[in-house]
Amino acid sequence: MPHERSLTPHRFRQRLAASAASLTLVAGAGAGLAALAATAAVSVQLATAPPAAALDNGLALTPQMGFNNWNSTGCGTQFNEAMVKGIADLFVSEGLKAAGYTYVNLDDCWALPNRDASGNLVADPVRFPDGIKAVADYVHSKGLKFGLYSSAGTKTCNSAGFPGGLGHEQQDANLWASWGVDYLKYDNCNNNGVDAQQRYKAMGDALKATGRPILYSICEWGSNQPWNWAPAIGNSWRTTGDISDSWSSMIGIAHQNQQLAPYAKPGAWNDPDMLEVGNGGMTDTEYRTHFSLWSEMAAPLLIGSDIRSASAATLAILKNTDVIAVDQDPLGKQGTVVSSSGGKVVMSKPLADGGRAVTLTNENASAQTVSTTAQDIGVGGATSYALKDLWSKATSSTSGTISASVPAHGTVMFRVTPGSPVPPPTGLNQLSDLPWTSAVSAWGPVERDHSNGEQAAGDGKTLTIGGTTYAKGLGAHAPSDISYYLGKLCKKLTVDVGVDDEVGGNGSVDFQVYKDGALAADSGTRTGNDAAAHLTADLTGATTLRLVATDAGDGMNYDHADWADAKISCGNGPSAGAHALSDLNWTSAVSGWGPVEKDRSNGEQAAGDGRTLTIGGATYSKGLGVHAASTVTYYLGGGCSSIATDVGVDDEVSSNGSVDFRIYRDDTLVADSGVVTTSDTARHLTAALNGGTELRLVVTDGGNGNNSDHADWAGPVLTCG
């Protein structure tokens, strides 16, 4: 089915009138009915607050990995002490522990329906005859960690009504700590309408007060936008309703979770629910897609099948260490959708080594070719890229194209590693014309010469800040980070920055320029009502340039950040001394008719068809012959001091010629001849160029049409050093 983005940051801003969190439901662990409501809610809710700082408890610095019994057992009788111990045994013997799986977690139904006389929870003696502490001790003896389940309500989600933690937070947390619990999944059922943040914070505070490090998994179903507040309280938070073992459920949940990438970070993860791999409702191809997308999204990887009876194919999926390494990458970035069209979806995840993990997913019912490029996935600037297929293990290289034939409902997953970066060419370069080495944008890809449209590449508009439009530049959505390799060859950056007008005066962004690791320029807060701010930065000696846009404190919804007319000057200009301008190479040359000629007049047609440069009877052996309108540009690199030249209409034109000669140092007019006609002798112009990056020689028509406007820059001398 075609991928559709159901929520975009500034297009949907209404909530369901009845929050799923206010429902009192008893449908089973994870609350099926509440999950449906929460799934609907997340599709129309919008993250409105700045991302909260991650909880500083030292846990889940990469997404948690382990096992939870619910997807395979529910409250069935097979859920018992023997099963849990068997899972712990298999974690070791089957290599799952070695692959990174750490937590063996119990879900609902582990307790008796009533607390004891002291108000404590009591383990079901039939399921767990030795008690929970004994099970935890066994799990710990295997070098693993142990997790438990409760709900932030008066009862858990199962219809039998096991006791919840609401009002018993510290008592329950103390008991769990005494048992050696390392992980709490805290559900959302039977919450009596109490504010979600209040309920979940109460348990978070209680866990912290025990002094035992307990990973806190908030299972609130995304009902109250936990990505806005849960990072400061817990280590992960459910973003959707419950998953089920079907393609439609899995891919629908993936779509919802994809749009929340900016909120994930080390210690704080979006959780699209447990894995269904191996439960039988999907094909192995679909399970590989499931596992690939969860890893690409830096999601917790909690095995939800009974691995005691797992097939070889299931174990191969769950133990794919190359895919797991993407999920566990220490950079801690969630992958984002960079293109989605016709059921062909490409995601890119930044990795700590500077590469990218890329998923090419085919959501259609027949095989399709899915393609992208190194630049589109956010890397670039290299002549070649190493590709490793993380499922087939095949390796290859590419100059930039990344493409594969993908089976129906399948995913091809690559690790893309750039080769050595290439520095920019000498001259004044528009950044949007250069390959970046890395580009990350909160929503949608970084755009070249367009604003950020939040979804697919090319969906933005003309860059516009405070009513001023720009033909060139970069459009991103804060928080964003764009890097370029300079190779210590560049000298200066100039750029206009601001929030794009397309967000109607909303948005609040801080633009920062980094030279290697040092801050080189900072715009301060720029809002959607501000005109562009002009930044300059000295890049001398820098290996890398980073353009960073951050939210300025009012949430990310409208933070469309424009880097407009962003230019860097690279390399040295002409050597020290006096140079005949026609002996130097220009960076660009445009002439009204015919090419710009060196040391000849303009003959209007083929190169070399002009004559000796002659103005008012005086001849010149050196110079440039052009035809208005024309512009000739030279790169100076800040190292030249002056130019001197005669100018006039060439004598080969007997009448009609009328032009104006202008000299620009960068964008500043430094000399102007005024109107010169065929009857005028040569005029002498001089101009100071100190510190200039570019010299532009511009000839315009003098007002009578450009017929016969043969214009000579006669004997121009550029002095440098």
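Starting from 1, residues in each chain are numbered consecutively following that chain's sequence as written. Where totals are concerned, whole chains, interfaces and linings use all residues; where local detail is concerned, this predicted model gives features only for residues with pLDDT of at least 70, and gives and counts side-chain atom pairs only at 80 or more. Only hydrogens and water are set aside when side-chain values are computed; all heavy atoms of the structure are taken into account.

Attention now moves to the pairing of strand β25 (residues 508-515). Across the eight residues that make up β25, a large majority, seven, are buried. Pairs of strands are assigned from DSSP output, requiring at least two bridges between the strands. In DSSP terms, a helix is any run of H or I states spanning at least four residues, a strand is any run of E spanning at least two, and both are numbered starting from the N terminus. The antiparallel pairing of β25 with strand β26 (residues 518-527) creates a hairpin that spans two residues between the two strands, and D516 there sits at a positive phi of about 55 degrees. Both β25 and strand β28 (residues 544-551) contribute to a ladder of seven bridges, which runs antiparallel. Bridge pairing links Q512 to V548 in β28. Each residue is placed in one exposure class: buried if its accessible area under a 1.4 Å probe, protein chains only, is under 20% of its type's maximum, exposed if it is over 50%, and partly exposed if it falls in between.

Turning our eyes to something else, we now look at the environment of S151. Summarising the element assignment, S151 is placed in strand β3 (residues 145-151). A residue is classified by how much of its surface remains accessible, and S151, at 0% relative accessible area, is buried. Distance in space between the C-alpha atoms of S151 and N320 is 33 Å, their sequence separation being 169 residues. Leave out the neighbours within four places in its chain, and S151 touches T156, G164, G165, L166, Y186, D187, N188 and C189. Contacts between residues were defined by any pair of non-hydrogen atoms, one from each residue, lying within 4.5 Å.

Core analysis: the largest hydrophobic core is formed by 102 residues, its most contacted members being F91, Y101, W110, W176, F291 and W294. Counting residues per element, this core draws most heavily on helix α3 (residues 81-93), which supplies six residues. We call a set of buried Ala, Val, Leu, Ile, Met, Phe, Trp, Tyr and Cys residues a nonpolar core when their side-chain atoms join them within 4.5 Å. Membership of the second largest hydrophobic core comes to 34 residues, among which are L539, L547, W563 and C570.

Here we come to the state of the cysteines. A covalent bond bridging the sulfur atoms of two cysteines is what the word disulfide describes. By definition, disulfides here are pairs of cysteine sulfur atoms that lie within 2.5 Å. Applying the stated criterion across every chain yields a total of four disulfides. Residue pairing for C75: its cysteine sulfur links by disulfide to C109, the two sulfurs lying 1.3 Å apart. With a gap of 34 residues between them, C75 in the loop between α2 (70-73) and α3 and C109 in the loop between β2 (103-105) and α5 (131-141) connect regions that are remote in the sequence. For C109, a relative accessible area of 1% translates into the label buried. The partner cysteine of C640 in its disulfide is C720, sulfur to sulfur 2.0 Å.

Below, the discussion takes up the sheet that holds strand β9 (residues 336-341). Pairing is antiparallel in the open sheet, where six strands are placed in the order β9-β10-β11-β16-β13-β14. With one partner strand each, in any of the chains shown, β9 and β14 (395-398) form the two edges of the open sheet. When strand polarity is set aside, the average angle formed by the axes of neighbouring strands in this sheet is 25 degrees. Summarising the sheet, strand β10 (residues 344-350) and strand β11 (residues 356-362) pair through seven bridges and their orientation is antiparallel. Paired with V346 across the two strands is L360, which belongs to β11. Helix α9 (residues 284-296) contacts β10, β11 and β16 (411-418) of the sheet and is inclined by roughly 140 degrees relative to β11. Only C-alpha atoms enter the line fits that serve as axes; for helices the fit covers just the stretch in contact. Angles between N-to-C directions range over 0 to 180 degrees.

With that out of the way, let us pick up the sheet that holds β2. Adjacent strands of a sheet form backbone hydrogen bonds with each other and so pair up, either parallel or antiparallel. Reading across from one edge, β7-β6-β5-β4-β3-β2-β1-β8 is the order of the eight strands in this open sheet, with parallel pairing throughout. The open sheet is flanked by β7 (269-271) and β8 (301-303), the only strands paired with a single partner. Here the strands of the sheet are splayed against their neighbours by 25 degrees on average, with no regard to which way each runs. Sheet topology places β2 next to β3; three bridges connect them, and they run parallel. Paired with V104 across the bridge in β3 is F146. Strand contacts of α5: β2 and β3, with the helix running at about 145 degrees to β3, the strand carrying the most contacts.

Each aromatic pair joins two rings of Phe, Tyr and Trp (for Trp, the six-membered one) with centres within 6.5 Å, and gets the label stacked for planes under 30 degrees apart, edge-to-face for over 60, and tilted for any other angle. Per the stated rule, a full pass over the model turns up 10 aromatic pairs. Arranged with centres 6.2 Å apart and planes meeting at 40 degrees, the rings of Y200 and W229 form a pair that is tilted. Highlighted residues: Y200 in helix α7 (residues 196-210) and W229 in the loop between β5 (215-218) and β6 (236-238), separated in sequence by 29 residues. Both residues of the pair, Y200 and W229, count as buried. An aromatic cluster of three or more residues is present, and its members are Y186, Y200, Y216 and W229. A cation over an aromatic ring shows up here: K598 above the ring of W586, its NZ or CZ 4.9 Å from the ring centre. Two thresholds decide whether a charge sits over a ring: the Lys NZ or Arg CZ must be within 6 Å of the ring centre and within 35 degrees of the ring normal.

What α5 keeps buried is the set G131, I132, V135, A136 and V139. Those residues of α5 that are buried are in contact with α3, β2, β3 and α6 (169-179).

Right, let's get into α9. Counted at 1.5 Å a residue, the expected span for α9 with its 13 residues is 18 Å, and the 18 Å between its end C-alpha atoms agrees. Burial of α9 is extensive: 10 of the 13 residues sit out of reach of the surface. A helix's residues, less one, multiplied by 1.5 Å, set its expected span.

Here we take up the pattern of salt bridges. A carboxyl oxygen of Asp or Glu within 4 Å of a side-chain nitrogen of Lys or Arg is what we treat as a salt bridge. Taken as a whole, this structure holds 27 salt bridges when the rule is applied. The partner of K85 in a salt bridge is E81, and the shortest N-O contact between them spans 3.1 Å. Of the two residues, K85 and E81 both sit in helix α3, four residues apart, roughly one turn of that helix. The partly exposed category is assigned to K85, whose relative accessible area is 22%. Exposure remark for E81: the relative accessible area of 7% places this residue in the buried category. Here D107 ties to K185 by a salt bridge, and the two come within 2.8 Å at their closest N and O atoms. Residue D107 is found in the loop between β2 and α5, and its partner K185 is found in strand β4 (residues 183-187); the two are separated by 78 residues along the sequence. Taken individually, D107 and K185 each receive the classification buried, so the pair is uniform in this respect. One salt-bridge network, held together by shared partners, links E81, K85 and D130.

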